[in-house]
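# Descriptive structure summary
As a plain string of letters, each chain reads:
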Amino acid sequence: TRAALPTADELAAGVRADRRAVLARAITLVESRRADHHELAQRLLLELTPPPGAAAEATVRVGITGVPGVGKSTTIEALGNHLISLGHKVAVLAVDPSSTRSGGSILGDKTRMGTLAVNPRAYIRPSPTSGTLGGVAKATRETIVLLEAAGFDVILVETVGVGQSEVTVAEMVDTFCFLTLARTGDQLQGIKKGVLELADVVVVNKADGEHVVDARVAARELSSAMRLIHPRDSLWRPPVLTMSAMAGTGVTEFWAEVLRHREVLQEAGEFAARRQRQQVEWTWSMVRDEVLSRVERSDRVRAVRADVEAGVRSGDLTPALAARRILAAFDGAGGVGVGG
Ligand code: GDP
């Protein structure tokens with residue numbers, strides 16, 4: 001028999017009071033795939049979501065991406081401690097699609113952020129491991145709502161650039177930051193162009209010791225690359241900074257750029273618009289995930305799947321015709337109509 005679940009009211013009160021055991025329980029609920037958990041989690045989220053307006057926009061959601069070893073956790077620890085000293089409450093979340101496959105997370109390991117992890121004004125949560133990137137994204141977005149209700153006013157979402165994870169995180173934050181190392185010339189080609197298009201702030205880390213000059217040269221080259229991506233008249237042209245997370249130099253300047261980005265968006269009315277667009281996009285991405293999973297689970301689709309795929313491989317069917325067959329089979333199963 002299953003233990004009785006708390007009520008949404010009980011959970012909401014505990015989350016608002018930032019009782020960590022309740023917060024952890026609530027996060028576990030939004031990560032769960034059980035139907036009764038899902039329903040309770042959605043009631044809790046409705047209760048905790050603030051009405052649109054100033055209060056809802058008072059929090060700062062920042063994404064931080066970069067390859068393993070670039071210095072994300074060192075940066076987050078330095079930044080987190082600094083922000084807490086200014087009076088903020090800081091939550092760190094991770095979106096790590098590799099953890100859904102391996103069961104082990106590269107990110108969100110508390111031992112990597114020792115001093116931050118033990119700070120009572122910080123909360124560090126590793127990546128959920130709920131199967132797909134879509135599932136991880138859903139849980140992470142919902143966890144942000146819980147953390148903000150618990151009074152965390154700075155949310156840092158960390159990800160490594162695996163698959164689509166950068167896009168996913170960029171779509172759930174206000175400011176998306178790309179951490180890189182001093183690469184120049186040909187090495188610059190190794191940086192995914194997509195991540196430069198998503199980045200609002202670019203930071204060349206490990207600008208210390210013998211790497212200071214390299215880092216500055218790299219920052220100048222990245223700056224030129226960014227100018228090509230963002231036309232002169234764009235609202236925000238992403239700055240490229242140098243930093244040493246280890247030495248703590250450039251960390252406050254980095255944060256100042258995050259806040260400047262926020263101000264520019266707010267003054268242009270883009271900040272609220274961006275969050276609203278994210279909510280609508282989030283809605284549709286859940287619809288897409290759910291429809292796709294219903295199609296894949298459908299018995300009638302399963303019945304035709306092997307034949308249709310064989311037809312595509314042999315060239316007897318075009319992919320477009322094959323897609324129609326699959327959808328027709330699904331419609332025959334009495335599912336939602338998705339064309340035919
Ligand atoms: P992550 O994998 O991106 O989270 O990277 P970490 O923060 O774990 O850092 C990887 C390694 O680089 C660690 O050994 C850090 O001590 C080191 N590191 C991080 N930031 C700096 C920095 O600014 N300068 C130098 N020299 N080393 C750094």
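This report concerns the structure included in the present document.

The rules behind each value
Residues numbered from 1 in each chain as written. Predicted model: local features only at pLDDT ≥ 70, side-chain atom pairs only at ≥ 80, totals over all residues. Heavy atoms only, no water. Helix = DSSP H or I, 4+ residues; strand = E, 2+ residues; numbered from the N terminus. Rg over C-alpha atoms; globule rule 2.2 N^0.38 Å. Buried < 20%, exposed > 50% of the residue type's maximum accessible area, 1.4 Å probe, protein only. Contact = heavy atoms within 4.5 Å. Core = buried A, V, L, I, M, F, W, Y, C linked by side-chain atoms within 4.5 Å. Domains from an automatic or database assignment. Patch = residues over 30% accessible without salt bridge, like charges linked within 9 Å, V, L, I, M, F, W, Y side chains within 5 Å. Areas by Shrake-Rupley, 256 points an atom, 1.4 Å probe, with all protein chains shown as cover. Salt bridge = Lys/Arg side-chain N within 4 Å of Asp/Glu carboxyl O. Near = heavy atom within 4 Å. Polar contact = N/O pair within 3.5 Å; in protein donor to acceptor, adjacent residues only side chain to side chain. Nonpolar A, V, L, I, M, F, W, Y, C, P; charged D, E, K, R; others polar. Axes fitted to C-alpha atoms, helices over the stretch in contact; angles between N-to-C directions. Parallel < 35°, antiparallel > 145°, perpendicular 65-115°, else oblique. Left-handed = near helix turned anticlockwise from the far one by under 90°. Pairing = 2+ DSSP bridges. Phe/Tyr/Trp six-rings, centres within 6.5 Å; stacked < 30°, edge-to-face > 60°. Lys NZ or Arg CZ within 6 Å of the ring centre and 35° of its normal.

### Overview of the overall build of the protein
Scanning the protein from N- to C-terminus turns up 14 helices and 7 strands. Taking 20 Å as the expected radius of gyration for a compact globule of 340 residues, we find that the protein reaches 22 Å, a close match to that expectation. With the C-alpha coordinates aligned to their principal axes, the bounding extent of the protein is approximately 65 × 55 × 40 Å. Residue burial in the protein is summarised as follows: out of 340 residues, 44% are buried. Sequence separation of at least 24 residues holds for 74% of the intrachain contacts in the protein that already meet a minimum separation of 6.

### Thoughts on the nonpolar core
Judged by nonpolar contacts, the single largest core of 47 residues is most densely connected at Leu23, Leu146, Leu147, Phe152, Ile155 and Val157. Taken domain by domain, the makeup of this core includes at least three residues from each of domain 1 (1-48) and domain 2 (52-266). Filtering out sequence-adjacent residues up to four positions away, Ile155 remains in contact with Val60, Arg61, Val62, Ala91, Leu93, Ile144, Leu147 and Glu148. Val60, Val70, Leu79 and Ile124 belong to the second-largest nonpolar core, a separate cluster that totals 28 residues.

### Some details on a nonpolar patch on the surface
A cluster of nonpolar side chains, Val280, Trp284 and Val287, forms an exposed patch at the surface whose accessible area comes to about 280 Å². Here Trp284 lies in helix α12 (residues 270-297). Overall, Trp284 belongs to the partly exposed group, its relative accessible area being 48%.

### A word on the pattern of salt bridges
Inspection of the entire model under this criterion finds 15 salt bridges. A salt bridge links Asp174 to Arg262, with the nearest nitrogen and oxygen atoms 3.8 Å apart. Placement of Asp174 in the loop between α8 (165-170) and β5 (175-180) and of Arg262 in helix α11 (residues 251-267) is noted, with a sequence separation of 88 residues between them. In this pair, the class of Asp174 matches that of Arg262, namely buried. Taken together, the shared-partner salt bridges connect Asp18, Arg20 and Lys89 into one network.

### Here's the deal with the site of the ligand
Taken together, 15 residues form the shell around the ligand, and within it Gly69, Lys72, Thr74, Arg112 and Asp208 come nearest. Contacts to the ligand include Ala245, whose backbone N or O atom sits 2.9 Å from an oxygen atom. Between Met246 and the ligand, the recorded distance is 3.1 Å, taken from a backbone N or O atom to an oxygen atom. Burial of the ligand by the protein amounts to 72% of the accessible area it has alone, namely 580 Å². Here the residues of the shell around the ligand are counted per class, giving 5 nonpolar, 6 polar and 4 charged.

### Quick word on the packing of helix α1 (residues 8-16) against helix α3 (residues 35-48)
Remark: α1 packs on α3, axes separated minimally by 9 Å, with the N-to-C direction vectors making an angle of 50°. Accordingly, the angle class assigned to the pair α1 and α3 is oblique. Here α1 runs over α3; the crossing is right-handed. Contacts between α1 and α3 involve Ala8, Asp9, Leu11, Ala12, Val15 and Arg16 from the first element and Leu40, Arg43, Leu44, Glu47 and Leu48 from the second. In terms of residue class, the contact of α1 with α3 is made up of 7 nonpolar, no polar and 4 charged.

### Some thoughts on the sheet that holds β5
Taken in spatial order, the 7 strands line up as β3-β2-β4-β1-β5-β6-β7 in an open sheet, and their pairing is parallel. Single-partner strands in this sheet number two, and they are β3 (122-125) and β7 (240-242). For this sheet the average axis-to-axis angle between neighbouring strands, irrespective of direction, equals 20°. Against the sheet, helix α4 (residues 72-85) engages β1 (60-65), β2 (90-95), β3, β4 (154-159) and β5, with an angle of about 175° to β4. The sheet contacts of helix α7 (residues 133-149) involve β1, β2, β3 and β4, and relative to β2 the element is tilted by about 175°.

### A closer look at the packing of aromatic side chains
Per the counting criterion, the structure on display carries 1 aromatic pair. Between Tyr123 and Phe152, the ring centres sit 6.2 Å apart and the planes meet at 55°, which makes this aromatic pair tilted. Here Tyr123, found in strand β3, pairs with Phe152, found in the loop between α7 and β4; they are 29 residues apart in sequence, far enough to count as distant. By relative accessible area, which is 11% here, Tyr123 ends up buried. Just above the ring of Phe152 sits the side chain of Lys89; from NZ or CZ to the centre is 4.6 Å.

### Quick notes on the pairing of β2
Within β2, 6 of the 6 residues are buried, which leaves the element mostly enclosed by the surrounding structure. Neither face of β2 is exposed, since Val90, Val92 and Ala94 on one face and Ala91, Leu93 and Val95 on the opposite face are all buried. Two elements, β2 and β3, share 4 bridges in a ladder whose sense is parallel. Of the residues in β3, the one forming a bridge with Leu93 is Arg125. Relative to β4, β2 is paired through 6 bridges, and the arrangement is parallel. Residue pairing for β4: Val92 is matched across the bridge by Leu156.

### What to know about the packing of helix α13 (residues 299-314) against helix α14 (residues 319-332)
Two quantities define a packed helix pair, namely the angle between the axes and the distance from one axis to the other. The contact between α13 and α14 brings their axes to 9 Å, and the two run at 170°. The angle between the axes of α13 and α14 places the two elements in the roughly antiparallel class. Each of Arg300, Val301, Val304, Val308 and Val312 in α13 lies in contact with α14, whose residues at this interface are Pro319, Ala322, Arg325, Ile326, Ala329, Phe330 and Gly332.

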